[in-house]
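In case you want the letters, here they are:
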Amino acid sequence: MHELSLMEAVRDQALAAAHAEGAIRITVISLRVGELAGVEVEALRFAFPVAMAGTIAAGAELRIESEAAECHCPNCDAPFPAPHGCCDCPRCGAISRQLLCGRHLRLLSLEVV
Ligand SMILES: [Zn+2]
């Protein structure tokens with residue numbers, strides 16, 4: 001399951017960050033998921049307790065924020081929304097292949113004690 005391996009990567013990153021702060025428990029993990037990241041939020045929520053079991057993040061709350069995808073138009077030198085990946089600029093019709101954001105899943109913040 002793709003989402004479980006993503007969650008395991010998030011867990012490793014979160015545990016390393018918590019360890020660096022000397023935390024004894026992680027209470028909240030916030031993620032930002034791009035709309036083009038190709039992950040199912042429901043599957044992430046399902047994978048979360050599985051990945052966190054047996055660590056200081058067990059029982060933590062998962063918060064997921066979604067990130068809209070945007071492309072950069074070289075003609076207009078401005079971003080435009082691209083919910084289905086890069087395509088034509090709505091202003092000038094130029095085709096852009098420069099995806100600025102929306103493709104990644106990343107760890108946004110942690111709350112620890
Ligand atoms: Zn344009």
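Preceding this paragraph is the structure being described.
Residues numbered from 1 in each chain as written. Predicted model: local features only at pLDDT ≥ 70, side-chain atom pairs only at ≥ 80, totals over all residues. Heavy atoms only, no water.

Q: Explain the coordination of the zinc ion here, please?
A: Each pair of donors in an ideal octahedron of six around a metal sits at 90 or 180 degrees, and each pair in an ideal tetrahedron of four sits at 109.5 degrees. Every protein donor of the zinc ion is listed here as Cys73 (SG), Cys76 (SG), Cys89 (SG) and Cys92 (SG), and their distances to the metal cover 2.3 Å. Here the zinc ion binds 4 donor atoms, and the angle range of 103 to 113° at the metal identifies the geometry as tetrahedral. Sequence spacing of the donors to the zinc ion: C-x2-C-x12-C-x2-C. With cysteine 76 in the loop between strand E3 (70-73) and strand E4 (78-81) and cysteine 92 in the loop between E4 and strand E5 (98-101), the pair connects residues that are 16 residues apart, well separated along the chain. Taking the relative accessible area as the measure of exposure, cysteine 76 reaches 30% and is therefore partly exposed. (Donors = N, O, S within 2.8 Å, 3.2 Å for Na, K, Ca; no water. Tetrahedral: all angles 85-135°; square planar, octahedral: opposite > 155°, others 65-115°. Helix = DSSP H or I, 4+ residues; strand = E, 2+ residues; numbered from the N terminus. Buried < 20%, exposed > 50% of the residue type's maximum accessible area, 1.4 Å probe, protein only.)

Q: Help me understand the packing of helix H1 (residues 2-20) against helix H2 (residues 41-52), please; the structure alone is not making it clear to me.
A: Helix-helix packing is characterised by the crossing angle of the two axes and by the distance between the axes. With their axes 8 Å apart at the nearest point, H1 and H2 run at an angle of 50° to one another. When the interaxial angle is binned, H1 and H2 end up oblique. By crossing handedness, the relation of H1 to H2 is classed as right-handed. Each of Glu3, Leu4, Met7, Glu8 and Arg11 in H1 lies in contact with H2, whose residues at this interface are Ala43, Leu44, Ala47, Phe48, Val50, Ala51 and Met52. Among the residues forming the contact of H1 with H2, the class breakdown is 9 nonpolar, no polar and 3 charged. (Axes fitted to C-alpha atoms, helices over the stretch in contact; angles between N-to-C directions. Parallel < 35°, antiparallel > 145°, perpendicular 65-115°, else oblique. Left-handed = near helix turned anticlockwise from the far one by under 90°. Contact = heavy atoms within 4.5 Å. Nonpolar A, V, L, I, M, F, W, Y, C, P; charged D, E, K, R; others polar.)

Q: Would you mind showing me how to read the pattern of salt bridges here?
A: Any two side chains of opposite charge can pair if their charged atoms end up close together. According to the stated counting rule, one finds 5 salt bridges in the structure shown. Among the salt bridges present, the one from arginine 11 reaches aspartate 12, with a minimum N-O distance of 3.2 Å. It is possible to trace a salt-bridge network through shared partners that takes in Glu61, Arg63 and Glu111. (Salt bridge = Lys/Arg side-chain N within 4 Å of Asp/Glu carboxyl O.)

Q: Can you help me understand the sheet that holds E4 in this one?
A: As a general point, the strands of a sheet are linked pairwise by backbone hydrogen bonds and lie either parallel or antiparallel. In space, the 3 strands of this open sheet follow the order E4-E3-E5, with antiparallel pairing throughout. Across the chains shown, the open sheet's two edge strands, defined by having one partner strand only, are E4 and E5. Across the sheet, the mean angle separating the axes of adjacent strands is 45° when strand polarity is ignored. Pairing geometry for E3 and E5, over 3 bridges, is antiparallel. (Pairing = 2+ DSSP bridges.)

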